[in-house]
Amino acid sequence: MAALPARAEGVPTKIVSLDYGLASTMLSLGVTPAAVASLADWGRWMVEPEMPASVIDLGNSWEVNFEILAALKPDLILTTPYLDTLLPRLEATAPVLRLEIFTPETGEILPAAIAATRKLAAAIGRADEGERFLAGAEALFADCRRRLEPLSPPPLALVSFMDARHARIYGAPGLFDNVLRKIGVENAWKEESNFWGYQTIGIEELSRITDPRARLIAFEPLPGDVLPKLDQSPLWQALPFARPGHFSVVPPALMFGMVNEATRFASIITRELESGS
Amino acid sequence: MTGTSTRLSLGPAIVTLAMALLAAAIAWLQVAPALEAAPAAGYDVPRMVLLYSTLPRMATALLAGAALALSGALFQQVLRNPLASPTTLGISAGANLALAIATLFAPALLGFGRDLVAITGSGIAAALVFMLGARRGFSPFSLVLSGLVISLWCGALSAILMLLNERYLISLFIWGSGSLSQQSWSIPLSLLPKIGAIAILSALIIRPLSLLELGEAGASALGLRIAQLRFIAVAAAVTLAAFVTSAVGVIGFIGLVAPTIARLSGARRPVEILVWSTLMGASLLWFADSGVQYLAGAMADFLPTGAVTAVFGSPLLLLLLPRLKTRHRILQGRTRQAGRLAIGPKALPLALVTVILAVLVALFIGRAIDGTWALPDASIASEILGLRTPRVFAALASGAMLAVAGVILQRLTGNEMASPEVLGISAGATFGVTIAVFAIAAPGLASQLGFAAFGALVVLAVIFAFSVRSGLAPERVLLAGIALSAMVDAVVGILTASGDPRSFFLMRWMSGSTYTIDGITAITASVAAVILIATAFSTRRWLDILPLGPQAATAVGLPLTSSRLALFGLAGLLSAAATLSVGPLSFIGLMAPHLAREAGLVRALPQMAGAAAIGGGLMVLADWVGRTVVFPYAIPAGLVSALVGAPFLMLMLRRKA
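Positions within a chain are numbered from 1, following the residues in the order the chain's sequence is written. Chain letters and ligand numbers both follow the written order, the letters beginning at A and the numbers at 1. In view of the model being predicted, local features appear only for residues whose pLDDT reaches at least 70, and side-chain atom pairs are presented and counted only at 80 or more, with totals across whole chains, interfaces and linings using the full set of residues. With hydrogens and water stripped out, all remaining heavy atoms of the structure feed into the side-chain values.

Caption draft 1: Focus on the overall build of chain A. Under the scheme used here, helices are H or I runs from DSSP no shorter than 4 residues and strands are E runs no shorter than 2 residues, and both carry numbers assigned from the N terminus. The secondary structure content of chain A amounts to 10 helices and 10 strands. Our radius of gyration looks at C-alpha atoms and nothing else; its globule reference is 2.2 Å times the residue count to the power 0.38. Taken over C-alpha atoms, the radius of gyration comes to 20 Å for chain A, in line with the 19 Å a tight globule of 277 residues would show. Buried, partly exposed and exposed residues are distinguished by accessible area as a fraction of the type maximum, computed with a 1.4 Å probe on protein chains only: under 20%, between the cut-offs, and over 50%, respectively. Looking at chain A as a whole, 60% of its 277 residues qualify as buried. Should any heavy atoms of two residues lie within 4.5 Å, those residues are considered in contact. Long-range pairs, those at least 24 residues apart, make up 63% of the contacts in chain A with a sequence separation of at least 6. Surface exposure here means Shrake-Rupley accessible area, sampled with a 1.4 Å probe, where a residue is shielded only by the protein chains that are shown. Here chain A displays about 11,000 Å² of accessible surface, and carbon together with sulfur accounts for 54% of that area. The centroid of the 25 positive side-chain charges in chain A is displaced by 3 Å from the centroid of its 34 negative side-chain charges. In this tally, Asp and Glu contribute negative charge and Lys and Arg positive charge; neither His nor the terminal groups of the chain are included. We put the charge of a Lys on NZ, of an Arg on CZ, of an Asp on CG and of a Glu on CD.

Given below as structure tokens:
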């Protein structure tokens with residue numbers, strides 16, 4: 001791969017992505033995608049890297065707008081196993097690169113995301129940029145680890161609230177769990193989760209986390225009425241996390257992302273721990 | 001109490017008690033482990049969950065069940081309509097839609113004003129239903145038709161909001177389907193005084209309501225102010241339903257089933273019906289919810305109980321139907337001639353021109369990559385047309401088939417509300433496809449079609465069985481159809497809540513999305529449409545004669561049973577083939593035959609031809625609007641047609657006064 005010249009002839013330049021993680025990785029490799037699926041929600045779930053205004057919205061990722069694809073005539077469509085039902089029609093439209101990150105066989109997500117980044121970089125003639133990007137990510141993880149070490153950070157439980165009674169909690173082998181280990185923070189939730197890296201629980205099950213130092217981190221966006229309802233909920237109030245300083249809400253970070261989302265997550269967590277302790 | 005009334009009350013008392021005991025037994029199974037476990041130090045999970053989740057949930061179930069049943073009983077009593085309930089009158093759906101809109105666009109309203117938002121929504125729904133019903137002397141049917149129309153309209157709009165905000169509204173979806181899951185006592189404690197106050201108000205109007213039983217003239221003679229009484233009773237019923245929807249979402253069918261069981265088990269006088277309905281509603285929902293939790297185990301919190309009550313409530317209703325005394329005679333619709341829109345002989349060519357225009361617009365006008373309206377660019381015209389053609393023709397064929405099925409059913413049953421959607425035939429087809437999706441790994445088009453036809457024909461067989469036994473009392477058929485549609489909705493709702501990816505496919509398909517239609521599906525639908533509609537045209541003589549009544553039919557030598565059977569079968573095949581492409585919600589089968597008749601097409605053949613053109617054209621336009629209006633996103637064609645069709649139909653109903 002390293003033998004490939006940086007900008008070979010016939011390398012695809014007009015690329016569309018049906019996946020947020022792949023789209024943000026493209027931006028980091030210095031290539032602006034021509035179009036991205038579900039672009040309208042980018043700001044709500046991704047926030048950064050910022051998507052240039054020139055990028056076209058492909059419509060809902062489950063119902064990608066084929067009229068736009070036909071008009072764009074992309075050189076390459078990036079997709080994931082999640083959208084395999086669309087695969088035959090996509091392949092009839094343009095060359096497709098299907099990168100596997102979240103599959104039942106994957107296991108650890110971060111290494112899979114790194115491998116997919118290399119594949120993508122090679123396919124679009126940006127192998128050097130890919131290595132530089134990955135090295136930058138490793139440096140960021142190492143920096144976070146260095147900053148956190150002296151703080152002896154508490155174990156963290158990471159959740160997204162679905163309503164005031166239920167949450168998704170992130171565990172092994174998910175992206176967030178991988179990153180926590182990289183930056184030297186213990187995941188307070190020890191149970192194995194599904195291959196996406198989460199498990200759906202009732203909030204009372206948070207009481208199974210017994211470490212008295214453990215802190216709970218919830219990610220935006222929160223369904224509107226969750227915080228006021230938690231305030232009234234004895235189930236929540238009796239949890240150790242309801243004590244002051246043990247629960248915080250942080251900006252969105254995509255749990256189903258790739259390396260960019262991993263570094264964003266690492267930065268958010270590091271900042272949170274530095275400010276909160 | 002007199003001896004006779006005690007004897008009469010025994011039946012409802014036994015039924016209520018049996019239901020409550022069953023519920024208590026199941027509830028005990030849930031509660032016992034937590035009570036027997038030795039108290040643990042610190043956060044005692046079983047005890048915490050018992051105190052702040054399980055018990056408040058039971059209290060909520062009892063209160064919500066009582067409120068909905070009382071609401072239904074009040075509606076049924078004051079409207080003298082055994083089909084009335086918060087579900088069938090669109091009251092719950094109205095509250096639900098108002099809450100969904102408020103959640104999205106004015107979340108600040110929801111904190112304190114949640115109940116107000118819900119009452120506004122259900123009040124508007126009620127006002128619309130009654131405004132339409134009043135024009136027809138509050139006939140049970142026109143009320144329920146209006147209620148269904150509003151229900152479907154609110155449901156379609158909620159579904160569109162959900163699709164466009166999919167990730168954000170997950171919790172709204174769970175809640176919207178009626179989840180009783182609790183995390184504190186705040187909901188039952190706030191429901192109690194609200195429901196209590198209205199229950200007291202209801203107790204105060206029981207006596208005047210009883211006088212209403214004497215008939216309006218008699219009641220007026222006794223000095224009753226009927227209009228005022230009606231208003232108070234209806235307002236109380238609407239408010240009850242709104243409180244419940246605001247607190248726990250839509251709990252389907254309790255408000256219809258509980259009063260029905262009360263009456264069937266022997267409650268006669270208004271006071272008996274109101275009291276026993278309320279108690280039965282409470283124990284019924286408690287039973288349903290405990291059962292759901294017990295059977296679903298860890299999944300229980302995500303299973304919307306409201307959907308489960310519909311699944312269980314509707315077959316129960318089906319079983320009870322033959323025993324339902326048709327106390328309320330249906331106002332026999334005057335055999336109407338051409339409506340006011342009558343265009344005369346030009347109607348048919350006009351409809352054909354319109355449908356051709358619709359097809360051309362749908363094929364050639366779209367949105368370019370930058371969102372501007374444009375004809376497809378010459379360089380990619382063939383690709384774009386290749387993408388649009390299958391969808392347009394599948395929509396055209398399906399709309400036409402639904403319309404013709406609607407004409408056949410309306411003529412056959414003498415029921416102007418009959419249509420594949422309302423009679424539950426589309427629901428049957430959906431059920432068939434659901435089975436196909438879950439039983440066969442990857443059902444092909446042929447097996448989907450087969451299962452859909454099977455489901456539709458089973459429903460039709462049931463309808464036919466009824467028609468043989470009871471001369472097709474429209475009331476029963478309609479009630480059965482509502483029950484079935486709600487059941488299918490509920491089953492799919494439950495499957496969706498389970499998170500199974502196949503259910504996601506089903507939900508999309510049920511909303512009538514033409515996205516996955518390819519050339520083969522489109523050709524299949526078109527061929528089916530041509531063959532089946534041609535067959536329908538060839539039965540025009542039957543369809544002209546059968547509505548004149550059995551005597552007339554026998555007089556001209558028409559084989560009554562076999563001709564009806566054949567026509568029902570044909571309508572079933574038409575519905576199944578159409579449902580496959582555009583889902584069960586589209587409304588076209590109800591709308592197109594009406595429009596054709598309004599336009600002056602009265603005899604069977606012209607009405608079928610006109611309806612087919614109108615139905616096909618409407619479906620094509622719905623698909624086109626869905627594809628373009630929120631471009632590059634899309635709204636399923638079935639939802640668009642329901643959204644556009646419902647107000648249109650209401651307009652029609654108003655004119656017919």
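Caption draft 2: Main features of the overall build of chain B. When you go through chain B residue by residue, the secondary structure sums to 26 helices and two strands. Here chain B, with 657 residues, has 60% of them falling under the buried criterion. Residue pairs in contact within chain B that sit at least 24 positions apart in sequence constitute 80% of those at least 6 positions apart. Accessible surface, chain B as shown: approximately 25,200 Å² in total, 72% of it carbon and sulfur.

Caption draft 3: Structural view of the pattern of salt bridges. In the sections that follow, a salt bridge refers to a side-chain nitrogen of Lys or Arg positioned within 4 Å of a carboxyl oxygen of Asp or Glu. Tallied over the entire structure, the rule returns 24 salt bridges over all chains. For Arg-603 of chain B, the salt bridge goes to Asp-544 of chain B, with nearest N and O atoms at 3.2 Å. One end of the pair, Arg-603 of chain B, is in the loop between α24 (588–598) and α25 (604–628); the other, Asp-544 of chain B, is in helix α21 (residues 540–545), with 59 residues separating them in the sequence. Residues Asp-623 of chain B and Arg-627 of chain B are paired through a salt bridge, measuring 3.3 Å at the closest nitrogen-oxygen approach. Remark: Arg-627 of chain B and Asp-623 of chain B occur in helix α25; sequence separation between them is four residues, near one turn of the helix. Connected via shared salt-bridge partners are Glu-67 of chain A together with Arg-388, Asp-623 and Arg-627 of chain B.

Caption draft 4: Inspection of unusual backbone geometry at higher detail. All names here are of chain A. Backbone torsion omega between Glu-48 and Pro-49 reads -5°, so that peptide bond is classified as cis. The amide bond that connects Ala-172 to the next residue, Pro-173, takes the cis arrangement and shows omega of 5°. Within the secondary structure, Pro-173 sits in the loop between β7 (166–170) and α7 (175–182). Positioned with a positive phi, Val-47 is a non-glycine residue whose angle comes to about 60°. One non-glycine residue with positive phi stands out, namely Ser-152, at about 35°. Within the secondary structure, Ser-152 sits in the loop between α6 (127–148) and β6 (156–161).

Caption draft 5: Region of the structure containing the confidence of the model for chain A. Chain-level statistics for chain A give a pLDDT mean of 85 and a share of 96% at 70 or above. For every residue, the predictor states its confidence as a pLDDT score lying anywhere from 0 to 100. Ignoring residues within four places in sequence, the model shows residues 1–7 of chain A, a span with pLDDT below 50, making 10 contacts including any to other chains.

Caption draft 6: Layout of the pairing of β7 of chain A. Residues and elements named next belong to chain A. Within β7, five of the five residues are buried, leaving the element largely enclosed by the surrounding structure. Only when DSSP finds a minimum of two bridges between them are two strands counted as paired. The pairing of β6 with β7 spans three bridges and is antiparallel. Looking across to β7, one finds that Phe-161 is bridged to Ala-167. Hairpin connection from β6 to β7: four residues lie between these consecutive antiparallel strands. One ladder, built from five bridges, connects β7 with strand β8 (residues 198–202); its direction is antiparallel.

Caption draft 7: Representation of the packing of aromatic side chains within the structure. Residues and elements named next belong to chain A. Two aromatic rings from Phe, Tyr or Trp, using only the six-membered ring of Trp, form a pair when their centres are within 6.5 Å; if the ring planes differ by under 30 degrees the pair is stacked, by over 60 it is edge-to-face, and anything between is tilted. Counting across every chain of the model gives 16 aromatic pairs over all chains. Ring centres of Tyr-82 and Trp-196 lie 5.5 Å apart, and the angle between their planes is 85°; on these two criteria the pair is classed as edge-to-face. Residue Tyr-82 is found in the loop between β4 (76–79) and α4 (87–93), and its partner Trp-196 is found in the loop between α7 and β8; the two are separated by 114 residues along the sequence. A relative accessible area of 46% places Tyr-82 in the partly exposed class. Centroid distance Trp-236 to Phe-247: 5.0 Å. Interplanar angle 70°. Geometry classified as edge-to-face. In this pair, Trp-236 is assigned in helix α9 (residues 234–237) and Phe-247 in strand β10 (residues 247–250), connecting sequence segments 11 residues apart.

Caption draft 8: Layout of the interface of chain A and chain B. Taken together, the contacts link 41 residues of chain A with 37 residues of chain B. The term buried area denotes the loss of accessible surface (1.4 Å probe radius) that occurs when two parts are joined, taken as the sum for both partners. Roughly 3,600 Å² of surface becomes buried between chain A and chain B when both sides are summed, with 60% attributable to carbon and sulfur atoms. Among the residues chain A hides against chain B, the three largest losses belong to Glu-63, Glu-67 and Arg-165 of chain A. Together they make up 19% of the total. Connecting chain A to chain B are three salt bridges. For Arg-388 of chain B, the salt bridge identified is with Glu-67 of chain A, shortest N-O distance 2.7 Å. Among the elements of the structure, α2 (42–45), β3 (56–57), α3 (66–72), α8 (226–232) and α9 of chain A are those that each provide at least two residues to the side of chain A that touches chain B. Any residue outside Ala, Val, Leu, Ile, Met, Phe, Trp, Tyr, Cys, Pro, Asp, Glu, Lys and Arg is labelled polar, Gly included; the first ten of those are nonpolar and the last four are charged. Partitioned by chemical class, the residues of the side of chain A that touches chain B number 21 nonpolar, nine polar and 11 charged.

Caption draft 9: Representation of the pairing of β6 of chain A. Residues and elements named next belong to chain A. By the criterion of burial, β6 is predominantly enclosed, with six of the six residues buried. Burial along β6 is two-sided: the face carrying Leu-156, Leu-158 and Ser-160 and the face carrying Ala-157, Val-159 and Phe-161 are both buried. Relative to strand β9 (residues 215–219), β6 runs parallel, the two being bridged by four bridges. Counted as the bridge partner of Ala-157 is Leu-216 from β9.

Caption draft 10: Just the sheet that holds strand β5 (residues 96–98) of chain A, in detail. Spatially, the five strands line up as an open sheet ordered β3-β2-β1-β4-β5 (chain A), and their pairing is parallel. The sheet is open, and its two edges are formed by β3 and β5 of chain A, each paired on a single side.

Caption draft 11: Focus on the environment of Ala-126 of chain B. All names here are of chain B. Structurally, Ala-126 can be placed in helix α4 (residues 110–134). Separated by 21 residues in sequence, Ala-126 and Gly-147 have C-alpha atoms that sit 8.0 Å apart. Discounting residues that sit within four places of it in the chain, Ala-126 has contacts with Ile-91 and Val-238.

Caption draft 12: Fine view of the sheet that holds β10 of chain A. Residues and elements named next belong to chain A. Strand order in the open sheet made by the five strands is β8-β7-β6-β9-β10, with mixed pairing throughout. This sheet does not close on itself; its edge strands, each paired only once, are β8 and β10. Each strand axis lies, on average, 35° off the axis of its neighbour in the sheet, ignoring direction. Note: β9 against β10, four bridges, orientation parallel. When the bridges of β10 are listed, Leu-216 appears paired with Phe-247. Orientation is described by lines fitted to C-alpha atoms, with helices fitted over the stretch in contact, and by angles between N-to-C directions that extend from 0 to 180 degrees.

Caption draft 13: Molecular detail of the nonpolar core. Residue and element names in this part refer to chain B. The term nonpolar core refers to a set of buried residues drawn from Ala, Val, Leu, Ile, Met, Phe, Trp, Tyr and Cys, joined through side-chain atoms within 4.5 Å. In terms of nonpolar packing, the biggest core is built from 92 residues, with Leu-74, Phe-75, Leu-79, Leu-89 and Leu-209 touching the most fellow members. Element by element, the count of residues in this core is highest for helix α10 (residues 226–248), at 13 residues. Listed in part, the 76 residues of the second largest apolar core include Val-355, Ala-362, Ala-452 and Ala-577.

Caption draft 14: Region of interest: helix α7 (residues 186–204) of chain B. Residue and element names in this part refer to chain B. Over its 19 residues, α7 runs 28 Å from end to end, which matches the ideal 27 Å to within 8%, given 1.5 Å per residue. Listed as buried for α7 are Ile-187, Pro-188, Leu-191, Ile-195, Ile-198 and Ser-202. Looking at the buried residues of α7, the elements they touch are α2 (45–79), α8 (206–212) and α10. The span expected for a helix works out to 1.5 Å for each residue beyond the first.

Caption draft 15: Molecular detail of the environment of Glu-205 of chain A. By the element assignment, Glu-205 of chain A lies in the loop between β8 and β9. Residues Glu-205 of chain A and Ser-38 of chain A, 167 residues apart in the sequence, show an inter-C-alpha distance of 33 Å.

Caption draft 16: Broad picture of the environment of Gly-133 of chain B. Residue and element names in this part refer to chain B. Tracing the chain through its elements places Gly-133 in helix α4. Taking relative accessible area as the criterion, Gly-133 reaches 0% and is therefore assigned buried. Considering only alpha carbons, one finds Gly-133 and Gly-147, 14 residues apart in sequence, at a separation of 9.3 Å.

Caption draft 17: Structural view of the confidence of the model for chain B. All names here are of chain B. Taken as a whole, chain B shows an average pLDDT of 79; of its residues, 79% reach a score of 70 or greater. The least confident element of chain B is helix α6 (residues 170–176), whose mean pLDDT is 47; the most confident is helix α20 (residues 519–538), at 91. In this model, residues 1–7 is a region of pLDDT below 50 whose contacts with residues beyond four sequence positions or in other chains number four contacts. Note that pLDDT drops below 50 for residues 168–175; the model gives that stretch 26 contacts with residues more than four away or on any other chain. In the predicted complex, the global pTM is 0.81; the interface-specific ipTM is 0.82.

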